Amino acid sequence: MYLNQKIVGHGKRTLVLAHGYGGSQAIWDMVLPHLSRRNKVLLFDWDFSSAPDDVSGEEGAAAEHNSGFTFSRFADELVALMDEMKVSGAVYVGHSMAGMVGCIASIKRPDLFSHLVLVGASPRYMNSEDYEGGFDKSDIEAMLASISSDFRGWAEGFVPLAIGSGADPSAVERLSRSFFAMDPRVAHALARMIFLGDQRAVLDDVAAPCTLVHVSGDFAAPPCVGRYMLARILAARRCAAAAMVTIDSVGHFPQLVAPGELLGILDLVLGDDDAVADDGEDDTAALAEEEEMSDDVPSGGLAEAAPEVHGDIDVAS
């Protein structure tokens, strides 16, 4: 398997940085220099370029349904990659789609993961009577239609919206480039997998310690999604420790818009809470406010069943 993988940096601990839909390992460029000072960091690119079989018309819909794009398939690819790179006991940082991929992989191979950091992750994007995912069904159907009919035009509007204000123009250009590199048929099939899927039941089996990171102004994975995830993980009582942190910013890419805040959180997770200050930068960890469990966690009795979250966001290195 070749996913443009590479390991950079030095240290006893290994971090795995996994990007989401339409991205590439370049989305980590602003946080990589800091993280690689004290850690080995595994970077890679999901294969978003390989087109499935012909996906036109009714036959295309069937081909797309059977094209192999599933969260479990990506989890298997992640496990195979970590085995190939001889990485185990890693701290996994999964952004967006890669968050749930990491959850599934950690269930399949718990020895590979010491901690999950889920950045803007979501198990379900579609709203329902008992769940708030951020999108109504009609919104998702309209988005999928736009991707199918004019992927580039859709991406040109979506990328700036997803990044939000405050990002460096070069970051927008870099992300746009990786989006445009996707085969439109792959982009549509993957979007269907992500936005029509439901991975909520996976949360019941997550046992690795985890930290959920959400951005207050993220339209794709709003903080209510993180609160639901936290409550469900804790209610299952398999996970040794879980916490949620909210970054006061906008957009779906805190590594591009609020890299200092994200690094502050990662340093706390890694036990390197003095590392940002050592770099001569502002200590921005205080800008990330730990979420309390609240009454608006979607139902299923999860809010009542979940114990309170106490203490620091810690991980065994």
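Residues numbered from 1 in each chain as written. Predicted model: local features only at pLDDT ≥ 70, side-chain atom pairs only at ≥ 80, totals over all residues. Heavy atoms only, no water.

Things to note about the overall build of the protein
And then number 1: For the protein, the count of helices and strands is 13 helices and 8 strands.
And then number 2: When burial is assessed residue by residue, the protein has 56% of its 317 residues classed as buried.
And then number 3: Summarising the internal contacts of the protein: among those between residues at least 6 apart in sequence, 78% fall at separations of at least 24.
And then number 4: Of the roughly 13,200 Å² of accessible surface on the protein, 48% is carried by carbon and sulfur atoms. (Helix = DSSP H or I, 4+ residues; strand = E, 2+ residues; numbered from the N terminus. Buried < 20%, exposed > 50% of the residue type's maximum accessible area, 1.4 Å probe, protein only. Contact = heavy atoms within 4.5 Å. Areas by Shrake-Rupley, 256 points an atom, 1.4 Å probe, with all protein chains shown as cover.)

Here we look at the pattern of salt bridges
And then number 1: Tallying each qualifying case throughout the model produces 11 salt bridges.
And then number 2: Put simply, Arg177 and Glu173 hold a salt bridge, and the shortest N to O gap is 3.6 Å. Note that Arg177 and Glu173 are positioned in helix H7 (residues 169–180) at a spacing of 4 residues, about one turn of the helix.
And then number 3: A salt bridge links Asp204 to Arg232; the nearest nitrogen and oxygen atoms lie 2.8 Å apart. With Asp204 in the loop between helix H8 (184–195) and strand E6 (210–217) and Arg232 in helix H9 (residues 223–236), the pair connects residues that are 28 residues apart, well separated along the chain.
And then number 4: Accessibility expressed as a relative area gives 18% for Arg232, which makes it buried. (Salt bridge = Lys/Arg side-chain N within 4 Å of Asp/Glu carboxyl O.)

Here's the deal with the pairing of strand E2 (residues 14–18)
And then number 1: Within E2, 5 of the 5 residues are buried, leaving the element largely enclosed by the surrounding structure.
And then number 2: Here E2 shows two buried faces, one formed by Thr14, Val16 and Ala18 and the other by Leu15 and Leu17.
And then number 3: Inspection of the sheet shows E2 paired to strand E3 (residues 40–43) by 4 bridges, in the parallel sense. The residue of E3 that forms the bridge with Leu17 is Leu43.
And then number 4: As paired elements, E2 and strand E4 (residues 90–95) share 4 bridges and run parallel to each other. Residue pairing in the sheet places Leu15 in a bridge with Val91 of E4. (Pairing = 2+ DSSP bridges.)

What to know about the pairing of strand E7 (residues 242–250)
One face of the sheet, then the other: side chains in a regular strand alternate in exactly this way.
And then number 1: The element E7 is extensively covered by neighbouring structure, given that 7 of its 9 residues are classed as buried.
And then number 2: Pairing analysis gives 7 bridges linking E6 to E7, with the strands arranged parallel. When the sheet's bridge partners are listed, Val215 is paired in E7 with Ile247.
And then number 3: For the crossover from E6 across H9 to E7, the handedness is right-handed. (Right-handed = clockwise from strand over helix to strand, strands pointing away.)

Some thoughts on the confidence of the model for the protein
And then number 1: Of the residues in the protein, 79% have a pLDDT of 70 or more, and the chain-wide mean is 84.
And then number 2: Throughout residues 280–317 the model reports pLDDT below 50, and contacts reaching past four residues in sequence, or to other chains, amount to 73 contacts. (pLDDT = per-residue confidence, 0-100.)

A closer look at H9
And then number 1: Counted at 1.5 Å a residue, the expected span for H9 with its 14 residues is 20 Å, and the 20 Å between its end C-alpha atoms agrees.
And then number 2: With respect to burial, H9 is a largely interior element, 12 of its 14 residues being buried.
And then number 3: Those residues of H9 lying buried are Pro223, Cys224, Val225, Gly226, Arg227, Tyr228, Met229, Leu230, Ala231, Arg232, Ile233 and Leu234.
And then number 4: Just past H9, the residue Arg237 takes up positive phi, approximately 60°. (Expected span 1.5 Å × (residues − 1).)

Quick notes on the packing of helix H5 (residues 137–149) against H8
And then number 1: Where H5 contacts H8, the axes come no closer than 9 Å and their chain directions differ by 165°. One finds that H5 runs roughly antiparallel with respect to H8. You can see that H5 and H8 cross each other, and the crossing is right-handed. Taking contact as the criterion, the partners of Ile140, Met143, Leu144, Ile147 and Ser148 in H5 are, on H8, Ala187, His188, Ala191, Arg192 and Phe195.
And then number 2: Residue classes in the contact of H5 with H8 are distributed as 7 nonpolar, 2 polar and 1 charged. (Axes fitted to C-alpha atoms, helices over the stretch in contact; angles between N-to-C directions. Parallel < 35°, antiparallel > 145°, perpendicular 65-115°, else oblique. Left-handed = near helix turned anticlockwise from the far one by under 90°. Nonpolar A, V, L, I, M, F, W, Y, C, P; charged D, E, K, R; others polar.)

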